[in-house]
Amino acid sequence: MTDLLYSEIENELRGEVRGMLADRAPWKQVLENAQEGRTPYDTDLWRVLAIEMGLAGLIVPESLGGSGASLREAAVVCEELGRFVAPVPFLGSAVVATATLLAAAGDDPAGPGAELLTALAAGDRTAALVVPFSTLPFSTPPAATASGSAGAGPYPVFSAVGGALTGSARNVVDAIGADVLLVPAADGLYAVPADGAGVTRDPVVSLDITRPITDITFDGAAGTLLAAGARGAEAIRAGVGAGAALLASEQLGIAEACLEQTVAYLKERYQFGRPIGSFQGLKHRAADLWVSITQARAAARHAAVCVATGDPDADAATAVAQAHGSLVAVRAAEENVQMHGGIGFTWENPAHLYLKRAKATAIGFGTPDRHLLALSELFHLPAAG
Amino acid sequence: MTDLLYSEIENELRGEVRGMLADRAPWKQVLENAQEGRTPYDTDLWRVLAIEMGLAGLIVPESLGGSGASLREAAVVCEELGRFVAPVPFLGSAVVATATLLAAAGDDPAGPGAELLTALAAGDRTAALVVPFSTLPFSTPPAATASGSAGAGPYPVFSAVGGALTGSARNVVDAIGADVLLVPAADGLYAVPADGAGVTRDPVVSLDITRPITDITFDGAAGTLLAAGARGAEAIRAGVGAGAALLASEQLGIAEACLEQTVAYLKERYQFGRPIGSFQGLKHRAADLWVSITQARAAARHAAVCVATGDPDADAATAVAQAHGSLVAVRAAEENVQMHGGIGFTWENPAHLYLKRAKATAIGFGTPDRHLLALSELFHLPAAG
Amino acid sequence: MPPPAPEYDASRIAVLIKEFLTAHDPATTDPGEFLRARFDAGLAWIHYPVGAGGLGAPRDLQAEVDRAFAAASAPDRVIGPLVIGLGMAAPTILEHGHADQRARYLRPLWTGEELWCQLFSEPGAGSDLAGLATRAVRDGDGWIVNGQKVWTSVAHRADFGILVTRTDPDVPKHRGLTYFICDMKAPGVDVRPLRQLTGQAEFNEVFLTDVHIPDSARLGAVGDGWRVARTTLMNERVSIGGGAIPREGGAIGLLTTAWRDRPELRTPAGHTTMMRLWLRAETARLAVDRLRQQMAAGAAGPEGSAAKLVFAELNQEITGAALELVEGDGLRYDDWTMGRPGTADFLGRGPGYRYLRARGNSIEGGTSEILRNIIAERVLGLPAEPRVDTTVPWKDLPR
Amino acid sequence: MPPPAPEYDASRIAVLIKEFLTAHDPATTDPGEFLRARFDAGLAWIHYPVGAGGLGAPRDLQAEVDRAFAAASAPDRVIGPLVIGLGMAAPTILEHGHADQRARYLRPLWTGEELWCQLFSEPGAGSDLAGLATRAVRDGDGWIVNGQKVWTSVAHRADFGILVTRTDPDVPKHRGLTYFICDMKAPGVDVRPLRQLTGQAEFNEVFLTDVHIPDSARLGAVGDGWRVARTTLMNERVSIGGGAIPREGGAIGLLTTAWRDRPELRTPAGHTTMMRLWLRAETARLAVDRLRQQMAAGAAGPEGSAAKLVFAELNQEITGAALELVEGDGLRYDDWTMGRPGTADFLGRGPGYRYLRARGNSIEGGTSEILRNIIAERVLGLPAEPRVDTTVPWKDLPR
């Protein structure tokens, strides 16, 4: 049985991150940053988190300038970032891209991946893996298998001719501010400077106003091969897998924050001469949410530990955590709007920031429906027909 | 748009049936009849309903001694029988078997079907169609199509050699007391005297203790051909279709009775110094049930009218009414148990009679899952894969 | 109101319409003039009394009237911005207004020459509307009003607002209210856009600062505002969710279309979710059909609250499922620019907007929680919660 | 209770067990004698104090003790009928009983020589246990008890019952209760089977008519019965729903097995229902795993109530889906004959029985509604409902 509790180190890390976010990322600031026409990132906040607190290199080995922690600890950071809907590229750069690079670099401390990891760990640069945010984190995606859809693979693969990359991908997360793009190509995984020739990044109007997504097109952009052939694909699988597992922890943080906001409002809001939290119709729903969240916490912990340790249960654990986490985060966010009544439906209340984040994470790295299908295939429970 | 209201005649009919059942079929009597080891039928009650009130021949033309009413009016009777979980073979004999015979007899007033119809209408005899209660009411059942299961057809077809029938069927409803069995055979529809040679009826321990089911085996039993070939199959389709549509009305009656019992208990039961119906946690659930029941009523009416008039929407209307009716009846029955608390879990409270009836009707003539699949095929919404 | 004149049946009305159209050629008459004449002829809302735009005819003939005028290409109004006036202000003025008020307000309300809005909800009084705090204090033959209202659609364009105020804070809350017609152009009425989570500002906040309202604009007696407001609210609930929809009409049709058009999006769970929603949409549709038949037969049941409740739940679940169904496309929004739409649009724009807009369905016009209470108590007769707020003076209530 | 003796760790306990097994050869010692000796050696429940079957050792070592005795094929009891004694009576006697009571009751309770039942619920006092009506009236140095209890499992075989009575109807309900140990063989104790909707009579009704209980059988002070009863109830909730289960263990496994074995039963909606239940069973399992880890780390959270709540809901939904999945077979029941099972069997017998039995899961041992209240109020700190029943004398409450 995996250890589903938080270690003392994790609790300390959580406390530091939470304190910093409470100080530097109150929701009014987050909302202000997310006004239309702007990139929502808070670069000052990211500098503090990435460099001063060392979170950019949290999962990077100490030999490369990182903290040498694991995805387990990074999951705790994701919880807190979710709790604050913090507009920083931790998931895209410090989890997905970094985990991809770690898997690609292997044990070679002198390869190009190692150099890039060192830069990422230092917080000097950020990177993004150029796959759609909706990519399902399994090597043979059931989606493609089941539907026989055109793309066939789980994500678009770029063509590479003599190191010149051509192709496009939609809805890439945390890429708008990235310095380096990690690109799946037919013959392996490449690194491409984001400001290089032949690279076009089109910002997308994102449902989640606190997390930007980008459409990316390469027209013969020059790239450096990081991992050839299957090793590149394996690295991408590791990166997306890490992102998917840890997205469940982010969802846990979203759900917890929503329930806390709901409960606070239920206590302070009076109607009919009573706090509305004294009405059973509302309190029973809050109780049900709390129960779902205790389950989401156990599932997210299990997934984080499994990807951190390479446990053979990692795929199942991730699918379980992401499917359940999506349902719980969305429900908590929707209930938060509903139980706030009219005020929860306004722009000037934080509830919508969480609603948009929650719904986007339900699509991120596979919808619950896709995860259920994956689980049914993993456990030999075939669909009808 | 079909007329979804109750006519004055229907309201009068309802009043008479309800009055009679309230008088002759109180739930304690129904429970007493349903004790283990007994056939639950109340033959006295059936005599009154069938003969004195003329319900046995409700849908039989006046020329054959019936009332000349339609399935629309019969649906109202089904509502009331559901409301009282009345142990009489109305559904099996006066709806399914009678509708089958009507379709088989066509316009021939001198055929063997007509004679039998006259006997049924008079209440002298009852009949049962020998198909499993779980038969889905569509000629090309999606179940068989989709799964490619062994049986291929929607119900077992008996072999017929020179009028001698051989084969078996499980879970036949209202057959234990029937005088005549209507049998699907390879070359048409037959009538077989239930007490004839080669006929074996094995009573089954029924989940629904107020509605008996029977396993039937024929070993060369002598039968009379009622309708040859495809006409026989069409007649069976009509009978099962009528039963399925009207089962939704029975489910409506079940659900209404359950909600009424629940509401009465919520008003009379005090805990914490208050009637428990004043707790929002319970009252909101009662309100939701009431809403579902208003929908079930509209859907059941629509289905009854469609089968009564041969409307082309009949298949869809039946699937909708049965799928929704099953969900609502089961939920109303389950909530009735739950909101009664401990007392609802005992044998000496009527709640379980409704629970068992409701759950059995959810399987009867197709589960909600089967109906959803049928609807998805009818409306070109193909399943995945 | 006198009982409906028995002489009006469909054929008699048809004759009147024909005569009216002969006298007022739709093709050549000025639209405003046409509409005023139609009102004066009693062919506006025919079940209203003579002189108030109607004929005292049976209500169920109205649909035929509207069809006949539409068939003749008669001038008509854009209904959207008039919904509050037609659906809520008019029946309230009809029931509680005196003759002068009916004469002054009903015709331009119906013709669309004057727009109306509703000044009911407040930041501190949502579900508990009777707890509202906007104060009206006597000032000579008029009143001075101070307070803040929210969720006011059309306010930025409206000529009048129906307004509930507190005139006596020393009695229990339901007894100290008074109902007014507020001139939205009066000094001290400040309308500000209220932005929703969709990015749009469909609604407004209205700040009332020392607004003077003449006593002649009072509807009903002083202290009787709650009874008047209930007329308004009753009509609000009937007006929402009662529209006729075809099978697969509305949000479910957008979901099924996506399913049919894009096989690559299909999963087993997606199929089940869609079919279960399809079933619920279909039974909801049939229930509304039945409700409409009941109303036509003059036996409207309490199913109106149910229809609103069901519409909200279904629209929310369907738009949520539709957004996830399109996967990557669901990550994208169409436009966050703050617009000022005149009416709610539940089906327009992209799946993200529809999903977000649907969150309001269970809040606006009576929350789903309040509707469940109404059904439980008024329909099922279940006992009310123990009340702490009906016997103490409003000013002493905790809030 | 003294704090756990720090000297007991796993290895020290292992030595003690080894010494005990050497002194009492499991193969040759009389089982009753063996169990009594094990109790006296403090190896029964090792976290109990010395002299009460324990050593005051850390609770989390108990599992290792039980494993060691099992590995040695030591005599043991059939746990089923002992659950109420071990799980509820014992901790209550330990916390509230005096030395004589501990000495008299705990050893035969643990060895299984005496069976216990619980006389709490009444027809008029279910969720509102503190509203119970069974009266105990002083009679010399004892009490005379009259009343009716329900939902009493094992009562027909039990030697003793833990009993809550009303001793003072003139004070608010929580303050007028007193807790006793009732001799089930005493005159006036009449146990009758209570048949459930499954057909079985797993429980009993117990009628108490002029039953004499000596004051020495009182647990806790007169009027302090509610506090004592809370100890019992707290232990009840911990004991339900906290068991370890493997993936696809329990009811979900029966559903998935049917799915795998019978392709002809598969539909898209059936697949979705199953997979959603599979997911919920898996997350519930992980949550219980985490709860167990928290308890082992000495930081038990309030998740126990959640586990019971979730188990009930899941078991009900899974058994409901499983019954419909098998279609025709679901129309058949296995046996309506009234049996008298000693313990609840949620997984045995056919799908019909499992479905029906599961209905009780959300009622017995605290309804799901009460558990939600507990979570909302004690965990989330939400305000209580307005109470009408805590200040008035019990006898004046409406019921």
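Residues numbered from 1 in each chain as written. Chains lettered and ligands numbered in written order. Predicted model: local features only at pLDDT ≥ 70, side-chain atom pairs only at ≥ 80, totals over all residues. Heavy atoms only, no water.

## Observations regarding the domain arrangement of chain C
Basically, it comes down to this: Each domain span listed reflects an automatic or database assignment of domains.
Taken domain by domain, chain C holds domain 1 (11–76), domain 2 (116–228) and domain 3 (230–379). For domain 1 of chain C versus domain 3 of chain C, the separation of C-alpha centres amounts to 33 Å.

## Here we look at the packing of aromatic side chains
Just so we agree on the cut-off: Under the pairing criterion, centres of Phe, Tyr and Trp rings, with the six-membered ring standing for Trp, must be within 6.5 Å; the plane angle then separates stacked pairs below 30 degrees from edge-to-face pairs above 60, leaving the rest tilted. Relative accessibility decides the category of a residue: with a 1.4 Å probe and only protein chains considered, values under 20% of the type maximum give buried, values over 50% give exposed, and everything between is partly exposed. A run of DSSP states H or I qualifies as a helix once it reaches four residues; a run of E qualifies as a strand once it reaches two. Both are numbered from the N-terminal end. Note on criteria: charge over ring means Lys NZ or Arg CZ within 6 Å of the ring centre, with the direction from the centre no more than 35 degrees off the ring normal.
On inspection of all chains with the given rule, the structure shows 40 aromatic pairs over all chains. Each ring, one from Phe39 of chain C and one from Trp45 of chain C, has its centre 6.3 Å from the other, and the planes form 70 degrees; the classification is edge-to-face. Each member of the pair, Phe39 of chain C as well as Trp45 of chain C, is classed as buried. Summarising the aromatic geometry, the rings of Phe20 of chain D and Phe69 of chain D are spaced 5.9 Å apart at their centres and angled 70 degrees between planes, so their arrangement reads as edge-to-face. In this pair, Phe20 of chain D is assigned in helix H1 (residues 10–23) and Phe69 of chain D in helix H3 (residues 62–71), connecting sequence segments 49 residues apart. The rings of Phe39, Trp45, Tyr48 and Trp110 of chain C are connected pair by pair, giving a single aromatic cluster. Sitting over the ring of Tyr6 of chain A, Arg14 of chain A keeps its end group 4.5 Å from the ring centre. A cation sits over an aromatic face here: Arg192 of chain D above Phe207 of chain D, 3.8 Å from the ring centre.

## Side note on unusual backbone geometry
One non-glycine residue with positive phi stands out, namely Asn171 of chain B, at about 55 degrees. Along the chain, Asn171 of chain B turns up in strand S3 (residues 164–173). Asn171 of chain B sits in the buried class, given a relative accessible area of 2%. The backbone of Glu248 of chain D shows a phi angle near 60 degrees, a positive value even though the residue is not glycine. Residue position: Glu248 of chain D is located in the loop between helix H6 (225–239) and helix H7 (251–261).

## A short note on the side chain of Arg301 of chain A
Short version of the rule: Polar contact is defined as a pair of N or O atoms within 3.5 Å, subject to the rule that within protein one atom must be able to donate a hydrogen and the other to accept it, and that residues adjacent in sequence are counted only when both atoms are side-chain atoms. A contact between two residues is defined here by any heavy atoms of the two lying within 4.5 Å.
Assignment of secondary structure puts Arg301 of chain A in helix H9 (residues 280–309). One polar contact links the side chain of Arg301 of chain A to the main-chain carbonyl oxygen of Arg72 of chain A, over a distance of 3.0 Å. Ignoring anything within four residues of it in the chain, the contact list for Arg301 of chain A reads Leu4, Leu5, Tyr6, Glu10, Arg72, Ala75 and Val76 of chain A together with Arg290 of chain D.

## Quick look at the sheet that holds strand S5 (residues 188–193) of chain B
Strand pairing in a sheet relies on backbone hydrogen bonds. The paired strands run either parallel or antiparallel. All names here are of chain B. Using the following cut-off: Whether two strands pair comes down to DSSP finding at least two bridges between them. What counts as an axis is a line fitted to C-alpha atoms, over the stretch in contact for a helix, and the angles between N-to-C directions run from 0 to 180 degrees.
An order of S1-S4-S5-S8 is seen for the 4 strands of this open sheet, with the pairing classed as mixed. Whereas interior strands pair on both sides, the edge strands pair on one side only; in this sheet they are strand S1 (127–129) and strand S8 (224–228). Taken pair by pair, the neighbouring strands of this sheet meet at an average axis angle of 25 degrees, ignoring direction. Judged from the 6 bridges that link them, strand S4 (residues 180–185) and S5 form a sheet pairing that is antiparallel. Among the inter-strand pairings, Ala185 is bridged to a residue of S5, identified as Gly188. In the packing of helix H5 (residues 90–105) onto the sheet, contacts are made with S1, S4, S5 and S8, and the angle to S1 comes to roughly 75 degrees. In the packing of helix H8 (residues 229–268) onto the sheet, the strands contacted are S1, S4, S5 and S8, and the crossing angle to S8 comes to about 90 degrees.

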